[in-house]
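For reference, the chains in residue letters:
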Amino acid sequence: MRRDLTISIVQDGDMFVSHCVDLDIASQGQTSEEAIENIKEAVTLFLEEASEEEIAARFDQCGFIEQVSFEIA
């Protein structure tokens, strides 16, 4: 089964932190590309090793991403 997952990448000092929002898994890398590759590996390992119940529980979490506008002085 194929499923699209939401990944956020933010720079934190000299590192880039990657976070799979759907599964609440994080990784990092020295470049954004490395952070993306590392989160792919972390998600793959999780999906290979976690129980079906744990995977289902994480996918069933009720959450969403919303873009909100703010006025900045």
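Throughout what follows, the structure given in this document is the object of discussion. Remember, predicted model here, so these are calculated numbers, not experimental data.

### A word on the packing of aromatic side chains
Then, number 1: Counted by the stated rule, this structure contains zero aromatic pairs.
Then, number 2: Here Arg 3 stacks its cationic end above the ring of Phe 59, 3.8 Å away from the centre of that ring.

### Thoughts on the environment of Ile 25
Then, number 1: Positionally, Ile 25 belongs in strand β3 (residues 25-29).
Then, number 2: You can call Ile 25 buried: its relative accessible area is 11%.
Then, number 3: Considered as a pair, Ile 25 and Ala 42 are 17 residues apart in the sequence and their alpha carbons are 7.3 Å apart.
Then, number 4: In contact with Ile 25, not counting residues within four places along its chain, are Ser 18, His 19, Cys 20, Ile 39, Ala 42, Val 43, Phe 46 and Arg 58.

### Examining helix α1 (residues 32-49)
Then, number 1: For α1, which comprises 18 residues, the first-to-last C-alpha distance of 26 Å matches the rise-based estimate of 26 Å (1.5 Å per residue) to within 8%.
Then, number 2: Restricting attention to buried positions, one finds in α1 the residues Ala 35, Ile 39, Val 43 and Phe 46. Projected down its long axis, α1 carries its buried residues within an arc of 70 degrees, all on one side. In α1, the exposed positions that point more than 90 degrees away from the buried face belong to Glu 33, Glu 48 and Glu 49.
Then, number 3: Against the buried residues of α1 lie β1 (7-12), β2 (15-20), β3 and α2 (52-59).

### So, the pairing of β1
Then, number 1: Here six bridges tie β1 to β2, and the two strands are oriented antiparallel to one another. The partner of Ile 9 across the bridge, within β2, is Ser 18.
Then, number 2: Counting the residues that bridge the hairpin from β1 to β2 gives two residues, and of these Gly 13 lies at a positive phi of roughly 65 degrees.

### Structural notes on unusual backbone geometry
Then, number 1: Its identity as a non-glycine residue notwithstanding, Asp 24 has a phi of 55 degrees, on the positive side.
Then, number 2: Inspection of the secondary structure assignment puts Asp 24 in the loop between β2 and β3.

### Thoughts on the pairing of β3
Residues in a regular strand point their side chains to alternate faces of the sheet.
Then, number 1: Residues Ile 25, Ser 27 and Gly 29 line the buried face of β3, whereas the alternating positions Ala 26 and Gln 28 sit on a face that is not buried.
Then, number 2: Where β2 hands over to β3, the hairpin turn is made up of four residues, of which Asp 24 adopts a positive phi near 55 degrees.

Conventions we followed
- Residues numbered from 1 in each chain as written.
- Predicted model: local features only at pLDDT ≥ 70, side-chain atom pairs only at ≥ 80, totals over all residues.
- Heavy atoms only, no water.
- Phe/Tyr/Trp six-rings, centres within 6.5 Å; stacked < 30°, edge-to-face > 60°.
- Lys NZ or Arg CZ within 6 Å of the ring centre and 35° of its normal.
- Helix = DSSP H or I, 4+ residues; strand = E, 2+ residues; numbered from the N terminus.
- Buried < 20%, exposed > 50% of the residue type's maximum accessible area, 1.4 Å probe, protein only.
- Contact = heavy atoms within 4.5 Å.
- Expected span 1.5 Å × (residues − 1).
- Arc of directions from axis to C-beta.
- Pairing = 2+ DSSP bridges.

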